[in-house]
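Survey of secondary and tertiary structure
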Amino acid sequence: MPPTQAESVIKNIIREIGQECAAHGEIASETVVAFMVKAVVLDPSNGFNMDRTLIKTDVQKLVKLCVARLLDNKNPSLDTIKMQVYFDMNYTSREDFLEEHHRVLESRLSIVSREITDNRASAREELENLYRKIVSYVLLRSGLGSPTDIKIVREATAALQSVFPQAELATFLTLSKKDKERQLKELTMIVTGIRLFNRDCGKGGEGIDDLPAILHEAIPTTTQHIDSQLQIAQDQAFRYTAILEKVTNNPLMAKELQPYMLKEALYNVRQYEVFLQTVLSDIITCAEEVEMMIKQLAAQLEQLKMAVKSKTAVPTSQVFPIFIALASLWMSFQDETVLISVLSNLTTNLELFLGTHELLFPEKVMLGLLDGVVVKSDLTRIEEHMEERVELADFRTQEWLFPETTANFNKLLIQYRGFCGYTFAVTDGLLLPGNPAIGILKYKEKYYTFSTRDAAYTFAENPDHYIHMIKEKAKKNAELIQLLELHQQFETLIPYSQMRDVDKHYIKPITKCDNGTQTDTHILPPTTMRTYEWNEWELRRKAIKLANLRQKITHSVQTDLSHMRRDNTSQVYPLKEASTQSKREGSTRVPRPQIFIAGLRGGQSKTTHGVKVNLTRAVDET
């Protein structure tokens, strides 16, 4: 069947199921119906062949089964699916929510902004009307008061006139549309900063709520409410787990308790617990952001007070950046307020999907089921097996990770949301928390934890077998696909909100070991050509320049004033000292000439006769 035809058939099936449910007084969204269709088709007990085209009887059977499941108000599995669809459609990450929130604000302000930027006012009344529109735009964009309150409008007008007098409207109208929009945003930030500063000084701030104080009170209240709901959900999950453990050890009880749908109730409350923890994590992030921003707000206000302290005039270049920073900080407070409100409403609405617990398990029924059962918390179960540990010597082909040898041990993405896959596979869908201290098994780039060492050893012997068993069990209860994060095995059922983040949070372990490496800096000789030019027009410019130079002649002229006055310089190379060195030291010495003249002192005769005597020694005597 062609894809377009198949999509048309599926849409018709979904529409028909929705109409059937509406006829019985049950309103089901298309998303819930589509998820239920996939869940019914996946369940092998329903007998649908994924590789065969649906015939008319198959479609009728599919519609009948889906309607029956959607009208079953006492089924925790249906509540879990509705809860998952609701959370997927209404929850986004912090960054995505703020981005969408700002986009919606911009779209709402676009009409007011367009009225200002497209205005061609010239008369006095038109200019006054335009100025009032700018004041309204500033108030709407800042969110600090209603533009219909006269006191707030007067305060905003006074702040705007101090930085943008009405006389400058003529200059404003000559700007381009983009420059007008940019100036409007900048004026909003400055006016907001001025109003916030006046509020802090006690000279204004009409209509401005104390957002730091509101958040300081709202965040702990919301956190306490979620903590209490989380504690109730966990206690309920612990009790269901204890009863299911008892049923697992006593198969005769399984048929008696089948109508109670304990497994489905456990999955419902576990999914609720996961969603609460997700929301609580976001609220903790909000609390950290608010705490940091309160300190920044106090510092900005103190800096502004020091800048304008006892001064009649302050340079705009000095205070405007502080005003803008102050306004930006306040808008961050507004974002956190909206985010806390949305998360609080989301938490309240999630409670609507827990109604089946009171119907199926009133307090009397629970007391009877818990008779002789020891209820253990997840922490207690982990502490009981804390001393157990996988021995690496028992495994030659399997890789195990431990806290002391893995740097990001606590950040690894554990399969099945941290539950023991072996226990879930071999029992009737029992969810027990895995204990990372026993050891994390790394198999095909995925990580698995186990409730006991025996479970770890058995699972490691044949992981593919147990992984397939878990997949087959998930087909019978489609809500497990999201609860246990089996989206990679059921790619067609990945929630839209998680489709972009399937591999985003995948963190590989960093095992600790000593390692070193050395490479050559430049293996190949450099081939960069400094004279290379890719631009054709640059080559043409150089060619024209060279052609012009060939036709030029260099001339030199000397005047009477410059004659014999120019500087002459010359450069010489000084003689270089040179020396040689031989392997052995040697020297030569010649005889020193010695000549003696005798008879110069005279003698017996009156005439002096000198006799010259050569006393120089021969060369061979030296």
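Residues numbered from 1 in each chain as written. Predicted model: local features only at pLDDT ≥ 70, side-chain atom pairs only at ≥ 80, totals over all residues. Heavy atoms only, no water.

What follows deals with the overall build of the chain. Each helix and strand counted, the chain has 22 helices and five strands in total. Going through the 622 residues of the chain one by one, you find that 37% of them count as buried. Expressed as a percentage of contacts within the chain between residues at least 6 apart in sequence, the contacts between residues at least 24 apart total 72%. Split by element, the accessible area of the chain, about 40400 Å² in all, is 52% carbon and sulfur. (Helix = DSSP H or I, 4+ residues; strand = E, 2+ residues; numbered from the N terminus. Buried < 20%, exposed > 50% of the residue type's maximum accessible area, 1.4 Å probe, protein only. Contact = heavy atoms within 4.5 Å. Areas by Shrake-Rupley, 256 points an atom, 1.4 Å probe, with all protein chains shown as cover.)

Pairs may arise between side chains of opposite charge once their charged atoms sit close together. This model, assessed by the stated rule, comprises 23 salt bridges. Where D210 meets R199, a salt bridge forms, and the shortest distance between an N and an O atom there is 3.4 Å. Of this pair, D210 sits in the loop between α9 (177–201) and α10 (211–249) while R199 sits in helix α9, placing them eleven residues apart in sequence. R199 gets classed as partly exposed once you look at its relative accessible area, which sits at 26%. R540 serves as the salt-bridge partner of E536, at 2.8 Å between the closest nitrogen and oxygen. Of this pair, E536 and R540 both sit in helix α22 (residues 536–550), four residues apart, which is roughly one turn of that helix. Given a relative accessible area of 45%, E536 falls into the partly exposed group. Each member of the salt-bridge network shares a partner with another, and the members are R270, E273 and D378. (Salt bridge = Lys/Arg side-chain N within 4 Å of Asp/Glu carboxyl O.)

Across the chain, pLDDT averages 83, with 90% of residues at or above 70. Note on residues 492–506: pLDDT is under 50 here. Beyond four places in sequence and across chains, it has 22 contacts. (pLDDT = per-residue confidence, 0-100.)

Moving on, we get to the nonpolar core. With 117 residues, the main nonpolar core has I134, F164, F333, W400, F450 and L484 as its most contacted residues. If you tally residues by element for this core, the top one is helix α12 (residues 262–308), at 19 residues. In this structure F450 touches W400, C420, Y422, G434, N435, I438, L441, A455, A456 and F459, once residues within four positions along its chain are discounted. If you look at the next biggest cluster of nonpolar residues, it comprises 23 residues, including I13, F35, I81 and V85. (Core = buried A, V, L, I, M, F, W, Y, C linked by side-chain atoms within 4.5 Å.)

In this description, a pair of aromatic rings is defined by centroid distance and the angle of the planes. Under the defined criterion, the tally for this structure stands at 16 aromatic pairs. Arranged with centres 4.8 Å apart and planes meeting at 15 degrees, the rings of F87 and Y91 form a pair that is stacked. Of the two residues examined, F87 and Y91, each falls in the buried class. For the ring pair F395 and W400, a centre distance of 5.3 Å and an interplane angle of 50 degrees mean the geometry is tilted. Look at W400 and you get buried, because its relative accessible area is 6%. Members of the aromatic cluster, connected to one another through ring pairs, are F395, W400, Y416, Y422, Y448, F450, Y457, F459 and Y466. (Phe/Tyr/Trp six-rings, centres within 6.5 Å; stacked < 30°, edge-to-face > 60°.)

This paragraph deals with unusual backbone geometry. Residues other than glycine seldom take positive phi values, yet R417 does so here, at roughly 55 degrees. Not every positive phi belongs to a glycine, and E485 is a case in point at roughly 55 degrees. By the element assignment, E485 lies in the loop between α20 (480–483) and α21 (496–499).

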